Amino acid sequence: MSRSMSDATGGFSHLDSEGRAQMVDVGDKDVTRRRAVARATVTMSAETAQALVGGTVAKGDVLAVARVAGIQGAKRTSELIPLCHPLMLSSVSVDLTVGEAWVDIEVVAETVERTGVEMEALTACSLAALTVYDMCKAMDRSMSITEVALWEKSGGRSGSWSRET
């Protein structure tokens, strides 16, 4: 291989010195309380948003199903994202707020572990948004899922971080 070790890994911790994927060894890290907040928005027509609020979507209670889908997604993140460590989650909350022509989703995931919980929060947020889309698509094919992002994290070596608005 003609590249240096630094070039081979590109500075990514999930690559070994040869550039091959690996699960990061977190065995020497301290167990700390960790928290992550992720958000997403599902944009839709005003009529679809009204149907959500009124509970008239044919497939049922969209917000309740999306909340459960998000929680389930957080719990199964290590099965969905190949190099994620399985975590014992201490809590996951999924809040959905219906606006005039959108649904805002916020997920807070917490754990006491050796590695962060950001991927669990982002996965939960994404699956909640996909569930809203799936249950409403017969009414509104123009929906879009936007702004899926990590907003806050705390715990671990790198400490706290929050997105500037």
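Residues numbered from 1 in each chain as written. Predicted model: local features only at pLDDT ≥ 70, side-chain atom pairs only at ≥ 80, totals over all residues. Heavy atoms only, no water.

1. Some remarks on the pairing of strand β2 (residues 89-98)
Convention followed: Note on pairing: two strands pair once DSSP finds at least 2 bridges between them. Numbering goes from the N terminus for both helices and strands, where a helix is a DSSP run of H or I of at least four residues and a strand is a run of E of at least two.
Of the pairings in the sheet, the one linking β2 to strand β3 (residues 102-113) comprises nine bridges and is antiparallel in character. Its bridge partner being in β3, Leu89 is matched across the sheet by Thr111. Counted along the chain from β2 to the antiparallel partner β3, the turn is three residues long.

2. Quick word on unusual backbone geometry
In plain terms, the rule: Burial status follows relative accessibility: with a 1.4 Å probe on protein chains alone, a residue under 20% of its type maximum counts as buried, one over 50% as exposed, and anything between as partly exposed.
Of note, Glu147 is a non-glycine position whose phi angle comes to about 55°, a positive value. Note that Glu147 resides in strand β4 (residues 144-154). Here Glu147 falls in the exposed class, since its relative accessible area comes to 60%.

3. Quick look at the environment of Val57
Spelled out, the test is: Only heavy atoms matter for contacts: two residues are in contact if any of them lie within 4.5 Å across the pair.
With respect to the helices, strands and loops of the structure, Val57 is situated in the loop between α2 (46-54) and α3 (62-75). The sequence separation of Val57 and Leu150 amounts to 93 residues, and the corresponding C-alpha distance is 29 Å. In contact with Val57, not counting residues within four places along its chain, are Ala51, Leu52, Val62, Met135, Cys136 and Met139.

4. Quick word on the confidence of the model for the chain
Going by this rule: The predictor attaches a confidence to each residue, called pLDDT, with possible values from 0 through 100.
For the chain, per-residue confidence averages 90 on the pLDDT scale, and residues scoring 70 or more make up 92% of the total. When the criterion is pLDDT under 50, residues 1-9 qualifies, and its contacts beyond four places in sequence or with other chains add up to 12 contacts.

5. Quick look at the packing of α3 against helix α5 (residues 118-136)
Definition in use: A fitted line through C-alpha atoms represents every axis, and for helices the fit uses only the stretch in contact; the resulting angles, taken between N-to-C directions, go from 0 to 180 degrees. Each crossing gets its handedness from the near helix: less than a right angle anticlockwise from the far helix is left-handed, clockwise is right-handed.
Packing of α3 against α5 leaves a shortest axis separation of 7 Å and a crossing angle of 145°. Regarding α3 and α5, the two cross each other, and that crossing is right-handed. Between α3 and α5, the residues in contact are Val62, Val65, Ala66, Ala69, Gly70, Gly73 and Ala74 and Glu120, Thr123, Ala124, Leu127, Ala128, Thr131, Val132, Met135 and Cys136, respectively.

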